[in-house]
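What the coordinates show
Here is how the chains run, residue by residue.
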Amino acid sequence: MAMFALFYWIIDVEGWDGWTVRPAEEGSLRLGHKKGLGGVDYQQRRCWWFRNGTYAVGENFALFTANGRKPNALFQKITGLRPGELYQVTYVTVDPANAAVPVLWAKVKGAEDIPELRHVCTCTGGKTKAPVTSTRLVFRATDTTATLAFSDWLAKDYVPVEGAQCMLNYIGCHRYFVRDESELGFLRTHFARVQAEKDLKK
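Residues numbered from 1 in each chain as written. Predicted model: local features only at pLDDT ≥ 70, side-chain atom pairs only at ≥ 80, totals over all residues. Heavy atoms only, no water.

Some details on the overall build of the chain
- Of regular secondary structure, the chain possesses one helix and 15 strands.
- Expressed as a percentage of the 202 residues in the chain, the buried residues total 43%.
- Taking all contacts inside the chain whose residues are at least 6 apart in sequence as the whole, residues at least 24 apart take part in 78%.
- With an accessible surface of roughly 11,000 Å², the chain has 54% of that area assigned to carbon and sulfur atoms. (Helix = DSSP H or I, 4+ residues; strand = E, 2+ residues; numbered from the N terminus. Buried < 20%, exposed > 50% of the residue type's maximum accessible area, 1.4 Å probe, protein only. Contact = heavy atoms within 4.5 Å. Areas by Shrake-Rupley, 256 points an atom, 1.4 Å probe, with all protein chains shown as cover.)

Concerning the nonpolar core
- Counting 23 residues, the largest nonpolar core has Val 89, Tyr 91, Phe 150 and Leu 168 as its most contacted members.
- For this core, the secondary structure elements donating two or more residues are β7 (60-65), β8 (73-79), β9 (86-94), β10 (105-109), β13 (130-141), β14 (146-151) and β15 (165-175).
- Examining the composition of this core, we find that four residues originate from one element, β15, more than from any other.
- Those residues in contact with Val 89, other than ones at most four positions away along the chain, are Val 108, Thr 135, Arg 136, Leu 137, Phe 139, Leu 148, Ile 171, Gly 172 and Cys 173.
- Counting eight residues, the second largest nonpolar core, distinct from the first, contains Leu 37, Leu 63, Val 94 and Val 132. (Core = buried A, V, L, I, M, F, W, Y, C linked by side-chain atoms within 4.5 Å.)

A closer look at a nonpolar patch on the surface
- Taken together, the side chains of Val 103, Leu 154 and Tyr 158 present a nonpolar region at the surface, about 220 Å² in accessible area.
- Positionally, Leu 154 belongs in the loop between β14 and β15. (Patch = residues over 30% accessible without salt bridge, like charges linked within 9 Å, V, L, I, M, F, W, Y side chains within 5 Å. Salt bridge = Lys/Arg side-chain N within 4 Å of Asp/Glu carboxyl O.)

Description of the pattern of salt bridges
- Inspection of the entire model under this criterion finds three salt bridges.
- In this structure, the salt-bridge partner of Arg 69 is Glu 25, at a minimum N-O distance of 3.2 Å. Of this pair, Arg 69 sits in the loop between β7 and β8 while Glu 25 sits in the loop between β3 (19-22) and β4 (29-33), placing them 44 residues apart in sequence.

Considerations on the packing of aromatic side chains
- Applying the stated rule across the entire model yields three aromatic pairs.
- Between the aromatic rings of Trp 19 and Phe 150, the centroid separation amounts to 6.5 Å while the plane-to-plane angle is 40°, which identifies the pairing as tilted. Here Trp 19 is found in strand β3, whereas its partner Phe 150 is found in strand β14, with 131 residues between them in sequence.
- Summarising the aromatic geometry, the rings of Tyr 87 and Phe 139 are spaced 5.6 Å apart at their centres and angled 20° between planes, so their arrangement reads as stacked. Separated by 52 residues along the polypeptide, Tyr 87 in strand β9 and Phe 139 in strand β13 bring together distant segments of the chain. (Phe/Tyr/Trp six-rings, centres within 6.5 Å; stacked < 30°, edge-to-face > 60°.)

Side note on the environment of Leu 81
- Tracing the backbone through its elements, the reader meets Leu 81 in the loop between β8 and β9.
- For Leu 81, a relative accessible area of 5% puts it in the buried group.
- Between the C-alpha atom of Leu 81 and that of Thr 144, which follows or precedes it by 63 residues, the distance is 4.4 Å.

Describing the side chain of Gln 88
- Position of Gln 88 relative to the elements: it lies in strand β9.
- A polar contact is formed between the side chain of Gln 88 and the side chain of Thr 90, at a distance of 3.3 Å.
- Setting aside chain neighbours within four positions, we find Gln 88 in contact with Arg 136, Leu 137, Val 138, Gly 172, Cys 173, His 174, Arg 175 and Tyr 176. (Polar contact = N/O pair within 3.5 Å; in protein donor to acceptor, adjacent residues only side chain to side chain.)

Thoughts on the confidence of the model for the chain
- Confidence along the chain averages 76 in pLDDT terms, with 64% of residues attaining 70 or more.
- For the stretch residues 1-8, pLDDT sits under 50, and the model shows 32 contacts to residues farther than four places along the chain or on other chains. (pLDDT = per-residue confidence, 0-100.)

Digging into the environment of Phe 150
- According to the relative accessible area criterion, Phe 150 is buried, its value standing at 1%.
- Separated by 42 residues in the primary sequence, Phe 150 and Val 108 have C-alpha atoms spaced 9.0 Å apart.

Quick word on the pairing of β13
- Counting buried residues along β13, eleven of its twelve residues qualify, which places the element largely inside the surrounding structure.
- Bridging between β9 and β13 involves nine bridges; their strand directions are antiparallel. Bridge assignment links Thr 90 to a residue of β13, and that residue is Arg 136.
- Summarising the sheet, strand β11 (residues 111-113) and β13 pair through three bridges and their orientation is antiparallel. Looking at β13, one finds that Glu 112 is bridged to Arg 140. (Pairing = 2+ DSSP bridges.)

Right, dumping it as structure tokens:
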């Protein structure tokens, strides 16, 4: 089952239906469930969603356990795109040990990435005060389909700490609206300048 643009998707603990799963080793990429993950224990709001005629809380997740030799990778097809239109993908990650900000790389393959509009926000929300990270990436569709790819290696020269874990809980894909190309150009310039200022402060 492919992810359809404009819809939200929450990890299904019952199986990897519609996903291509490439673990670094056996057990390094698996499904799990954590009570309170989709609710106020970790966030300020409950991630209620509707399925099979009933409401449920998104407390399932995909658990990435880092391997120093090769990355864990997860792929999902996005359908229903309109070539030329802008879309955004948003996903939420949590460190199961509540100790550090988790890092999970994502890219939409078969589409034009707009890196200036990528946004990462980390907060310590909910009762556990665990770091919850929401990441947004924006892309322009070049075809009616594309592939969403997740990996715990940010780049070939980045190797995560052996055994480091990251829970992927929520994924959303929908339209990203701007009035026209001039507004898009303004946004790209603005966010590029903001990022440059942040880099100078490091």
